[in-house]
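Structural overview
Listed below are the residues making up each chain.
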Amino acid sequence: MATPISRRTLLAAGTGAAAGLSLPGVAAAHADDRATTRVRFTLNAQVLDGGEQVTSITLDTARLGPIDPAGLTTGTFSVHAKATSPIPVPAGEYDLDRTVTAVRLDRRGDIVLELSHAEGQTGGGTLGYVASRGRNVMLDLDYTLTQHAPITLRNHRSITIDTFVQNPRLSSPEVDAFTSHISASGMKYRLYSPTGSPSSRRGGRPLIVWLHGGGEGASLPDGYYDNETTLRANRGALGFATPQAQRIFGGAYVLAPQSTSAWMQDGPRFAPLIHEIISDVIRGNRIDRDRIYVAGCSNGGYMSMKMTTVYPTLFAASVPVCGVVTSFPPGGAPLIPDSELARISTPSWLVASRDDTTVDPQANTAHAHDVIPGSLMTLYDHVVRDGHRFAGHWSWIYVARNDPSIDGTHIWQWMAAQHRH
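One structure accompanies this document, and this report is about it. (Residues numbered from 1 in each chain as written. Predicted model: local features only at pLDDT ≥ 70, side-chain atom pairs only at ≥ 80, totals over all residues. Heavy atoms only, no water.)

Some details on the overall build of the protein
What the protein contains, in helices and strands, is ten helices and 23 strands. A burial count over the protein gives 56% of its 421 residues as buried. In the protein, the proportion of contacts linking residues at least 24 apart, taken out of those at least 6 apart, comes to 72%. When the accessible surface of the protein is summed, it comes to about 17100 Å², and 51% of that surface belongs to carbon and sulfur atoms. (Helix = DSSP H or I, 4+ residues; strand = E, 2+ residues; numbered from the N terminus. Buried < 20%, exposed > 50% of the residue type's maximum accessible area, 1.4 Å probe, protein only. Contact = heavy atoms within 4.5 Å. Areas by Shrake-Rupley, 256 points an atom, 1.4 Å probe, with all protein chains shown as cover.)

Regarding helix α6 (residues 299-310)
The end-to-end C-alpha separation of α6 is 16 Å, in line with the 16 Å expected for twelve residues at 1.5 Å each. Taking burial as the measure, the twelve residues of α6 include ten buried ones, the bulk of the element. Where α6 is concerned, the buried positions are Asn299, Gly300, Gly301, Tyr302, Met303, Ser304, Met305, Lys306, Met307 and Thr308. (Expected span 1.5 Å × (residues − 1).)

Considering the nonpolar core
If you look at soluble globular proteins, the nonpolar side chains tend to sit buried side by side. One finds Leu207, Leu255, Ile278 and Met303 to be the most contacted residues of the largest nonpolar core, which totals 40 residues. Going through the elements one at a time, β13 (188-192), β14 (205-211), β15 (253-257), α5 (267-284), β16 (287-297) and α6 are the ones with two or more residues in this core. The leading source of residues in this core is α5, at eight residues. Once you skip the residues sitting within four places of it in the chain, Leu255 turns out to touch Tyr189, Arg190, Leu191, Leu207, Ile208, Val209, Trp210, Ile277, Ile278 and Val281. Among the nonpolar cores identified, the runner-up in size contains 39 residues, and Leu59, Ile67, Ala83 and Ile161 belong to it. (Core = buried A, V, L, I, M, F, W, Y, C linked by side-chain atoms within 4.5 Å.)

Examining the packing of aromatic side chains
A full pass over the atoms with the stated rule returns ten aromatic pairs. Note on Phe178 and Tyr192: the rings are 5.6 Å apart at their centroids and 45 degrees apart in plane angle, and the pair reads as tilted. Taken together, the residues Phe178 in strand β12 (residues 178-182) and Tyr192 in strand β13 connect sequence positions 14 residues apart. In this structure, Phe178 and Tyr192 share a single accessibility class: buried. Measuring from centroid to centroid gives 5.6 Å for Phe240 and Trp412, while their planes differ by 40 degrees, and the two rings are tilted. In this pair, Phe240 is assigned in the loop between α3 (236-239) and α4 (243-249) and Trp412 in helix α10 (residues 411-417), connecting sequence segments 172 residues apart. For Phe240, a relative accessible area of 0% puts it in the buried group. For Trp412, a relative accessible area of 1% puts it in the buried group. Members of the aromatic cluster, connected to one another through ring pairs, are Phe240, Phe249, Tyr293 and Trp412. Lying over the aromatic face of Phe270, Arg269 brings its terminal NZ or CZ to 4.5 Å of the ring centre. (Phe/Tyr/Trp six-rings, centres within 6.5 Å; stacked < 30°, edge-to-face > 60°. Lys NZ or Arg CZ within 6 Å of the ring centre and 35° of its normal.)

Listed below in structure tokens is the structure:
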């Protein structure tokens, strides 16, 4: 992360008997005349289709003794969230109360505060978008907890927490399953490694390369290069690491490199840097070289096609999502000319939505489909998931959920069936 020390500072909540504590940034919570104590808490996050949100908070209370759950209500604690940009440009910042929708005990006996969250809801996101940079950044999150009623233990003793200390790291299990790496050339990447025994007779695993959109690259003029937003901004890479996808692919490595800027700014230069990372992963793991797949969205949709022009025999299949082949911005030379598209021999399935106002689907996806020999294409009318309508550019949501299908075959199953010839 760009600012690992300052991102999530020590916090406590409210006012009370311990208000005179000298620890910077720590205040006291509501206290009664019985036992008081200090408790750490962790922010739990989930990556929704529209990006990561903090969905619950776990308080490290198991060590206090058996808690009587009957005494916990949504009014026992209140939660305030403050999010600030790590670079000096406003980026989706907020300062507001989070609604506690439920309180429960987990298996360890820790208290879990469930928070209101939903697609498009303000105030829970872990990312902010810097419009002037065209980049997402990890927000610095400061959460304040306030206790309004004592916690009752099963031995009828009351506990009032006077100091709450925020864990400096988010807990986001899907993201945390990807390890963090840096290539010899300095490009950062994340890698998911499958579990269990390989299904291939050769003993090798397939490798899926996910190339992110423009908003998930670095902003080096600001000194920002996080190796985080590639996984947290959408479910593009995470989808291939789900149990469903892993069953379909028979256990696959999932690789997510992060550009130092945007792929479209210099695709020919980035192609060998991505290839270097792929080679490193192959050398360090048992990879089936005949089952390497590339997919990407927007900038990454362009880059997935570009990779198949530069390395025509490397990939078993390519899935460009709302990718760009024309000049961008308009007026220049095509990013990928027809002469290159026509030479693509990698089996390709292109995806976009007709209402995409960011990348013209007809001039890019439909045109590329017409030129790439034997390619498949799925064009949606809108991007809708669980009743929420997203911007038309976000068609990667469908690929992340294995939705596109042709003649009854869904896109993940099609990918998994492709082998390099």
